[in-house]
Amino acid sequence: MSVTLSVVLPNYNHARFVGRALKALLCQTRVADEIIVIDDGSTDDSVHVIDQIAAEAPAIRVLRNENNIGVIATLQRGLEIARGNYVYFAASDDWILSDFFALALRRLEADPDVGLFCGEAVLVDGTSNRPFAVRPAVRPRMSAGSIDAAEVNKLLRATDNWILTGSAVFRRECLAWAGGFDERLGSFADGFIARKVALRYGFYFEPKIVASWVVFPDSVSRRTARDLQRSKYILDAVPKLIAADSGFPSWYADAFRDRWRFATCRLALQADPIERTVVLELGARSAAEKAKYQSILDLLPRQPARFVLMAWLWYRLRPTSLTALLRTMLAIRGLRLALGFRSGRIPGMTAATAAPGDA
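Along each chain, numbering runs from 1 in the same order as the chain's sequence is written. Given that the model is predicted, a residue must reach a pLDDT of at least 70 before its local features are reported, and side-chain atom pairs must reach 80 or more before they are shown or counted; all residues, however, enter totals for whole chains, interfaces and linings. Hydrogen atoms and water are omitted, and side-chain values are computed over all heavy atoms in the structure.

Caption draft 1: The arrangement of the overall build of the protein chain in detail. Numbering of helices and strands runs from the N terminus, with a helix taken as a DSSP run of H or I at least four residues long and a strand as a DSSP run of E at least two residues long. A count of helices and strands for the protein chain gives 15 helices and nine strands. The classification of residues rests on relative accessible area computed with a 1.4 Å probe and restricted to protein chains. Under 20% of the type maximum is buried, over 50% is exposed, and intermediate values are partly exposed. Put simply, the protein chain has 359 residues, and 53% of those count as buried. Should any heavy atoms of two residues lie within 4.5 Å, those residues are counted as being in contact. A separation of at least 24 residues holds for 76% of the contacts in the protein chain among residues at least 6 apart in sequence. Where accessible areas are quoted, they stem from the Shrake-Rupley method and a 1.4 Å probe; at the residue level, only the protein chains shown are allowed to cover. Summed over its atoms, the accessible surface of the protein chain is roughly 16,300 Å², and 53% of this surface lies on carbon and sulfur atoms.

Below you can see the structure in the form of structure tokens.
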């Protein structure tokens, strides 16, 4: 029987979490035909945990990088190996809900023109294991359905970040057309390829939680926000690569630049203490504006300073449509979801995948 769905799961020093991620993959109502686990030179007990689970799961293929090459290169290696018509890129510290693959494949098979399926993800605090938000922050549509390429182009002018890699299943042939993962893009490599596929083929969106996204204080995005040089590199390199790629509209490089600037400053403002240098260097566009930001940070207590600067950055950079953001916020405040958050439970999450570090 030909392989239909492949999973690529990179792992690096996540022995505490990778067992949970694998068990969630194996507990799917529609299990993947192959699960390619690539250990990227871990120095902890990861390989032992993975091998124990793989010994009882024929669908799992375990590979090892001789040296640590990074998550983007590891994802590309997995993509080149994957044999499925569809591909899911997992994360070793996240997990998915049990009906995710069944739903994604049903939608993709029913709508063969779209390039990918994407649902929603619940954000989980990595320390407390409690849910605290849902992403995407702005839904591309309020009900389940496909969004064609022309509509993607139109939507992208006002909003962004609707496609989360952890809650998306791609057609492999579309990924091949897009050129795979480019290491030069850093942490935006998966976002780049998702947008490029959507702009060419469209995608199917399901306003339903299908995955978790576990957030740690030292996550890649937060480390980037604290690293001024890395942030500046992304701000310089990625727009150039976008502008040089015919798969993107000509205006998107500038839109990305402003949205990245806002997102990085937001994370820097959320840090404790506030990463002042990042906010001043990336948020301010002139010496006068930098002086104004410095005064706010010096004169106001931390929380009011955060609020004032976030509001000003929003006004200056316009990262997304405020109307669309508020509409999504109202839509996800349903009674079932609200009650689940108050109790610390994630709707649809099984006990088998809930325990942190379960291996």
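Caption draft 2: Geometry of the pattern of salt bridges. We define a salt bridge as a contact between a side-chain nitrogen of Lys or Arg and a carboxyl oxygen of Asp or Glu at a distance within 4 Å. Tallied over the full model, the rule gives 20 salt bridges. The salt bridge involving Arg 107 is made with Glu 206; its shortest N-O contact spans 2.8 Å. Of the two residues, Arg 107 sits in helix α4 (residues 100–110) while Glu 206 sits in strand β9 (residues 203–215), which places them 99 residues apart along the sequence. In this structure, Asp 272 engages Arg 302 in a salt bridge whose closest nitrogen and oxygen atoms are separated by 2.3 Å. With Asp 272 in the loop between α10 (252–270) and α11 (276–283) and Arg 302 in helix α13 (residues 302–317), this pair connects stretches of sequence that are 30 residues apart. Exposure remark for Arg 302: the relative accessible area of 42% places this residue in the partly exposed category. One salt-bridge network, in which partners are shared between bridges, spans Glu 34, Arg 61 and Arg 83.

Caption draft 3: Quick peek at the environment of Ala 268. As for its position among the elements, Ala 268 is in helix α10. The sequence separation of Ala 268 and Arg 306 amounts to 38 residues, and the corresponding C-alpha distance is 9.7 Å.

Caption draft 4: Representation of a nonpolar patch on the surface in the model. Residues qualify for a patch when their relative accessible area is over 30% and they have no salt bridge, like charges being joined within 9 Å and the nonpolar side chains of Val, Leu, Ile, Met, Phe, Trp and Tyr within 5 Å. On the surface, Leu 299, Leu 300, Phe 307 and Val 308 cluster together to form a nonpolar patch covering roughly 420 Å² of accessible area. As for its placement among the helices and strands, Leu 299 is situated in helix α12 (residues 287–299). Looking at Leu 299, the relative accessible area reads 71%, which means it is exposed.

Caption draft 5: View of the nonpolar core. Phe 89, Ile 163, Phe 203, Ile 242 and Tyr 252 are the most contacted members of the largest nonpolar core, which totals 65 residues. No other element matches the nine residues that α10 contributes to this core. Non-local contacts of Phe 203, meaning those with residues more than four positions away in its chain, are made with Val 114, Leu 116, Cys 118, Pro 140, Gly 145, Ser 146, Ile 147, Val 152, Trp 162, Ile 163 and Ala 198. The set of buried Ala, Val, Leu, Ile, Met, Phe, Trp, Tyr and Cys residues whose side-chain atoms join them within 4.5 Å is what this entry labels a nonpolar core. Grouped together as the second largest cluster of nonpolar side chains are 43 residues, Leu 22, Tyr 88, Phe 100 and Val 134 included.

Caption draft 6: Fine view of the pairing of strand β1 (residues 5–11). Taken across its seven residues, β1 has seven buried, putting it largely inside the fold. Because side chains alternate across β1, one face comprises the buried residues Leu 5, Val 7, Leu 9 and Asn 11, and the other comprises Ser 6, Val 8 and Pro 10, equally buried. Any two strands with at least two DSSP-identified bridges between them are counted as paired. Examined bridge by bridge, β1 and strand β4 (residues 86–89) share four bridges and lie parallel to one another. By the bridge assignment, Ser 6 is partnered in β4 with Val 87. Where β1 meets strand β2 (residues 34–39), six bridges bridge the pair, whose relative direction is parallel. Paired with Asn 11 across the two strands is Asp 39, which belongs to β2. Convention used here: a crossover is right-handed provided that the path from the first strand, over the helix, to the second strand proceeds clockwise when the strands point away from the viewer. With helix α1 (residues 15–26) bridging β1 and its parallel neighbour β2, the resulting β-α-β unit is right-handed.

Caption draft 7: Structural view of the packing of aromatic side chains. Only Phe, Tyr and Trp rings are paired, with Trp represented by its six-membered ring, and only when their centres lie within 6.5 Å; those with planes under 30 degrees apart are stacked, over 60 edge-to-face, the remainder tilted. Considering all chains together, one arrives at 18 aromatic pairs under this definition. Between Phe 89 and Phe 181, the aromatic rings sit 5.0 Å apart at their centres with planes inclined by 90°, giving edge-to-face as the arrangement. With a gap of 92 residues between them, Phe 89 in strand β4 and Phe 181 in the loop between α6 (172–178) and α7 (189–201) connect regions that are remote in the sequence. Under the relative-accessibility criterion, Phe 181 is labelled buried at 8%. Plain terms: the ring middles of Trp 251 and Tyr 252 are 6.0 Å apart, the flat faces sit at 80° to each other, and that makes the pair edge-to-face. Taking relative accessible area as the criterion, Trp 251 reaches 19% and is therefore assigned buried. An aromatic cluster of at least three residues, connected via ring pairs, comprises Phe 188, Phe 192, Phe 248, Trp 251, Tyr 252, Phe 256 and Trp 260. The ring of Trp 177 has Lys 196 sitting right over it, with the charged end atom 5.4 Å from the ring centre. Criterion for a charge above a ring: Lys NZ or Arg CZ within 6 Å of the ring centre, and within 35 degrees of the ring normal. A cation sits over an aromatic face here: Lys 292 above Trp 312, 4.7 Å from the ring centre.

Caption draft 8: Quick look at the side chain of Arg 171. Structurally, Arg 171 can be placed in strand β8 (residues 168–171). Residues adjacent in sequence count toward polar contacts only when both atoms are side-chain atoms; beyond that, a polar contact is any pair of N or O atoms within 3.5 Å, and within protein one must be able to donate a hydrogen and the other to accept it. Here Asp 111 takes part through its backbone oxygen, which lies 2.8 Å from a polar atom of the side chain of Arg 171. Residues within four places of Arg 171 in sequence aside, it is in contact with Asn 85, Tyr 86, Leu 108, Asp 111, Pro 112, Asp 113, Val 114 and Gly 115.

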